[in-house]
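Listed below, chain by chain, are the residues.
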Amino acid sequence: MRMLRNLLRSPAGAIGLAMMAITAAATVLTPLLSPYDPFALDFANAMQPPSALHWFGTDNFGRDIFTRVLAGAVYDLRLALVCVFGPMAIGVLVGLAAGYSGGRIDALLMRLTDIVWAFPFYVLVLAIVGVLGPSETNLYIAFFIVNWIGYARIVRGETLLISRLEFIEAARVLRFGRLRVMLRHILPNAVTPALVYSMSDVVLTVQAVAAMSFFGLGVQPPAPEWGLLIVESIDFMREAPWMTIFPGLAIVWIGIAFALLGEGLSTALKPKG
Amino acid sequence: MIPRLNMKALLLASALAMTGLAAPADTLRVAMGFDPLSLDPIASSDNGSIWTQLLIFDTLIRPDRTGEGLEPGLAESWTVSEDGLTLTFKLREAKFSDGTPVTAEDVKFSIERAASEASGWGRFYRPITGFEIVSDHEIVMTLAEPFTPAFNNLALFAAAILPKAQVEAKGDAFFDAPVGSGPFMLKSWTRGSRIELAKNPHYWQEGKPHVDEAVLEVVTEPSARVIKLEAGEVDIALDPPLNQLKELDAKDGITVGQTIPYRADFVQLNTKRKPFDDERVRQALNLAIDKDALVQGVLYGAGKPAASAMPVMAYADPNLALYAYDPDRAKELLAEAGYADGFEAELLVDSGAATSRNAAIALQAMLQQVGVTVKVQMLEGGTQWETTKSGSYDMSVSYTTSDTIDPDQIIGFVAVNPERANAYHTEWHSDRLNELYAEERKTLNGPERGAMFQEMVQILHDEAPYIFLYHPASAWAAKDDVQGFEVLPTSNFRLEEVSLAD
């Protein structure tokens, strides 16, 4: 609660949170906001420019783009959040274990991250999805394999640092169990930078997810995922630019929202004094 | 890149203006979507290769511009005996581009090569069993038993006439720098990028080609071809996106043309798999598709709905009715077949083919209306082909084009099993159709043979191993000063007829 209050106190955090709230509300309330079916074909109304009836215009199948962009938010947010916070959980635990244990366990876990780190991000994701075949599930698998290392490295560094602080020494002297020290005393302190990092990671991941769909390796049609909306619009860009612009703006919107939220979080979580 | 090119053009233009030189050699530049893979006629089945070969090589006879008859090529006249077993050709005085004359010996060599084991089209020519060289300019071919398509097959690219001596001397290397008797000769070939052709100075058609050089530029993205045309980098853009035709035609200095070639688009159904093994299910799928809406919404009106997987060509039955759009009847049929609650299936589509991609999305929505949930799987074209060939698919959006004017080529491909491709990988089989196919090939051209084709197409229509979609138009956009260009019913084009007005 105190964190939330701090977050709202920073202008960036407040705006970011408001943008997220608007997005979430619009996603949940899509049926109330729009009378259209995001999947139904209506060739008679194909490629209509934005109007009072169709706020974002219609696509080449006569589907309302406003409705499709809203319906697409579910896909993009789900993908981005799962692909960030799933791997983050793994990375945090690995980093904690490595940093606190030190020695062989640390060496082993860190060499593992080095191996994954050695591959450029997109090359590895493309390779994994390429082998497994394009689908939403396989996209999750690819991101889980690749995306945890950043968190592992951050948390390991923090853990090493915190382990040497006096209150941890004190906890050890009091003969608290290893797990208790790790989870109750180190984790809450070590996770903060990871959390701040995760916000910018979400921005990158939204783009990465859209890019994968753009290449035909992510979510498959007719899902109105934003990257897919953009790739489907390419042939019509000259006569119906709204088909490309609005899904693109949606990605920008979400990117700004998370960036501001991250900014606010880092201010709110900064230790005082 | 573009500004630099413009700069060059500007410099060139000003240089010309200053020196007052005569106009430079006429070069016709064409942007096409296909990348030619090979210039060996017997090893090709892709459109890029076939179209290019037809500019470099000649055949004895060739389809005329209407696609309804055959006209003289290297043969200036011919006779076919009453029983169809003896074909006599008189060759014209023609030369290969290196100046050596085309002789009956070259003809015999080329057709035998096309019939060889190495040829992908061997079964088209093997029925020709005897060659008698009467003189340098006369050859008689004989068949052991009647095979009506034989004559027509000689008009196919695979029967291109090659210079025997050179092919024998160079082997496969010949096809990297081939010599033919066609209107153009190969100047340079950058694989995946461009083919430069120069006028064949020895070409037998007096005064043709009108242009001195022709360049085929490979531009796979349809919108990019149009942009190149508008930027003045090419003179002709083949297959512009159908949704842009109207807008393009309205532009100053650009003319759009279109024709419906011998082509049919459809969805292959894997009849080895449930529920596609049931004829009622396949018919239901056909009834669930609103073909007029597809023509409007996916082809933007540039095409016609299809009643079968056969292009509309010789012997086509004008009375063959379309599967009417009737989702209620479709649901009834599905219920009769035991799929009252519908089913789920995967639909493969070539991710690079914009029209097919859009068709897939429309099909998905239409089939959902009758309870069939379709999962669209976008694949690279080559992978799609391999996957359907191996039989591990449910449904796949594809098409066929005919390179000849005789329906024998395509019916053998889409409907006969096994023959060429197990009824185009649908694995569907009809004994009656196979019987008719064998019979048709022994029957001389005429109403009797026509009736056999009509019955075959009717069986294909009724048992529906495909969802029949449409016959799309083939379009092109050209600068106004391009004259005489058109896409032929056989989908290829003749550049020797084209001129550039100044």
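Residues numbered from 1 in each chain as written. Chains lettered and ligands numbered in written order. Predicted model: local features only at pLDDT ≥ 70, side-chain atom pairs only at ≥ 80, totals over all residues. Heavy atoms only, no water.

### Brief notes about the packing of aromatic side chains
To describe a pair of aromatic rings, you give the distance between the ring centres and the angle between the ring planes.
Then, number 1: Counting across every chain of the model gives 29 aromatic pairs over all chains.
Then, number 2: Considering the side-chain rings of B:Phe89 and B:Phe151, the 6.1 Å spacing of their centres and the 10° angle between planes classify their relative orientation as stacked. Highlighted residues: B:Phe89 in strand E5 (residues 86-91) and B:Phe151 in helix H5 (residues 149-153), separated in sequence by 62 residues. For the pair B:Phe89 and B:Phe151, a shared accessibility class is recorded, and that class is buried.
Then, number 3: An aromatic cluster is defined as three or more aromatic residues linked by ring pairs; in this entry it consists of B:Phe266, B:Tyr323, B:Trp385, B:Phe413, B:Tyr424, B:Tyr466 and B:Phe468.
Then, number 4: Positioned above the aromatic ring of A:Tyr75 is the side chain of A:Arg78, whose terminal nitrogen or guanidinium carbon lies 5.2 Å from the ring centre.
Then, number 5: Stacked on the ring of B:Tyr399, the Lys or Arg B:Arg263 has its end atom at 3.7 Å from the ring centre. (Phe/Tyr/Trp six-rings, centres within 6.5 Å; stacked < 30°, edge-to-face > 60°. Helix = DSSP H or I, 4+ residues; strand = E, 2+ residues; numbered from the N terminus. Buried < 20%, exposed > 50% of the residue type's maximum accessible area, 1.4 Å probe, protein only. Lys NZ or Arg CZ within 6 Å of the ring centre and 35° of its normal.)

### Details of helix H11 (residues 226-233) of chain A
Then, number 1: With 8 of its 8 residues buried, H11(A) lies for the most part within the structure.
Then, number 2: Along its buried surface, H11(A) packs onto helix H4 (65-101), helix H10 (178-214) and helix H12 (242-269) of chain A together with helix H12 (354-368) of chain B.
Then, number 3: The opening residue of H11(A), the one whose side-chain oxygen lies 2.9 Å from the backbone nitrogen of A:Gly227, is A:Glu225. (Contact = heavy atoms within 4.5 Å. Polar contact = N/O pair within 3.5 Å; in protein donor to acceptor, adjacent residues only side chain to side chain.)

### Comments concerning the sheet that holds strand E9 (residues 194-199) of chain B
Residue and element names in this part refer to chain B.
Then, number 1: Strand order in the open sheet formed by 7 strands is E8-E9-E10-E1-E11-E19-E12, with mixed pairing between adjacent strands. A single partner strand is all that each edge strand has here, and the edge strands are strand E8 (184-190) and strand E12 (254-259). Sheet twist, expressed as the average angle between the axes of neighbouring strands with direction ignored, equals 20°.
Then, number 2: Across 6 bridges, the pairing between E8 and E9 is antiparallel. Of the residues in E9, the one forming a bridge with Leu186 is Leu197.
Then, number 3: Helix H7 (residues 222-230) rests against strand E1 (27-32), strand E10 (213-218), strand E11 (236-238), E12 and strand E19 (474-479) of the sheet, and its axis sits at about 170° to E11. (Pairing = 2+ DSSP bridges. Axes fitted to C-alpha atoms, helices over the stretch in contact; angles between N-to-C directions.)

### Some remarks on the pattern of salt bridges
Then, number 1: Counted by the stated rule, this structure contains 48 salt bridges over all chains.
Then, number 2: In this structure, a network of salt bridges that share partners links the residues B:Arg62, B:Arg65, B:Glu71, B:Lys208, B:Glu486, B:Arg494, B:Glu496 and B:Glu497. (Salt bridge = Lys/Arg side-chain N within 4 Å of Asp/Glu carboxyl O.)

### Some points on the side chain of A:Asp106
Residue and element names in this part refer to chain A.
Then, number 1: Topologically, Asp106 is positioned in helix H5 (residues 103-118).
Then, number 2: Polar contacts involving the side chain of Asp106 include one to the side chain of Arg156, which spans 2.6 Å.
Then, number 3: Asp106 has contacts with Ala98, Gly99 and Arg156, leaving out every residue within four places of it along the chain.

### Observations regarding empty space enclosed by the protein
Then, number 1: Scanning the model with the defined rule gives 3 cavities of 30 Å³ or more in all.
Then, number 2: Considered as a void within the structure, the largest cavity measures approximately 240 Å³ in volume.
Then, number 3: Around the largest cavity, the lining comprises 19 residues; the ones closest to its centre are B:Leu54, B:Thr59, B:Arg62, B:Pro63 and B:Asn492.
Then, number 4: Within the residue set of the lining of the largest cavity, elements represented by two or more residues are helix H2 (47-56) and strand E2 (61-63) of chain B.
Then, number 5: Sort the elements by how many residues they give to the lining of the largest cavity and H2(B) lands first, with 3 residues.
Then, number 6: Broken down by class, the residue content of the lining of the largest cavity amounts to 11 nonpolar, 3 polar and 5 charged.
Then, number 7: The residue makeup of the lining of the largest cavity includes at least three contributed by each of domain 1 (7-33 + 183-259 + 474-500) and domain 2 (57-164) of chain B.
Then, number 8: If you trace the second largest cavity, you find it lined by A:Asp59, A:Asn60, A:Phe61, A:Arg63, A:Ile65, A:Arg68, A:Leu229, A:Glu232, A:Ser233, A:Met243 and A:Pro247.
Then, number 9: Counting residues per element, the lining of the second largest cavity draws most heavily on H11(A), at 3 residues.
Then, number 10: Counted by class, the lining of the second largest cavity contains 5 nonpolar, 2 polar and 4 charged residues. (1 Å grid on protein atoms, 1.4 Å probe; cavity = no way out; pocket = protein on both sides within 12 Å on 5 of 7 lines; lining within 4 Å. Points joined across faces, edges and corners; volume = space filled by probe spheres on them. Nonpolar A, V, L, I, M, F, W, Y, C, P; charged D, E, K, R; others polar. Domains from an automatic or database assignment.)

### Regarding the domain arrangement of chain B
Frequently, the measure chosen for interface size is the accessible area removed from exposure when the parts meet.
Residues and elements named next belong to chain B.
Then, number 1: If you check the domain split of chain B, you get domain 1 (7-33 + 183-259 + 474-500), domain 2 (57-164) and domain 3 (263-472).
Then, number 2: Inter-centroid distance (C-alpha atoms) of domain 1 to domain 3 is 35 Å.
Then, number 3: Between domain 1 and domain 3, the residue contacts involve 7 residues of the former and 9 residues of the latter.
Then, number 4: For the pair domain 1 and domain 3, the summed buried area comes to about 610 Å², and 62% of that belongs to carbon and sulfur atoms.
Then, number 5: On the domain 1 side of the contact with domain 3, Leu242, Asn243 and Thr490 bury the most area, a combined 65% of that side's loss.
Then, number 6: At the surface where domain 1 touches domain 3, the tally comes to 0 salt bridges.
Then, number 7: Each residue belonging to the side of domain 1 that touches domain 3 can be placed in one class, and the counts come to 2 nonpolar, 5 polar and no charged. (Buried area = accessible area lost by both parts, 1.4 Å probe.)

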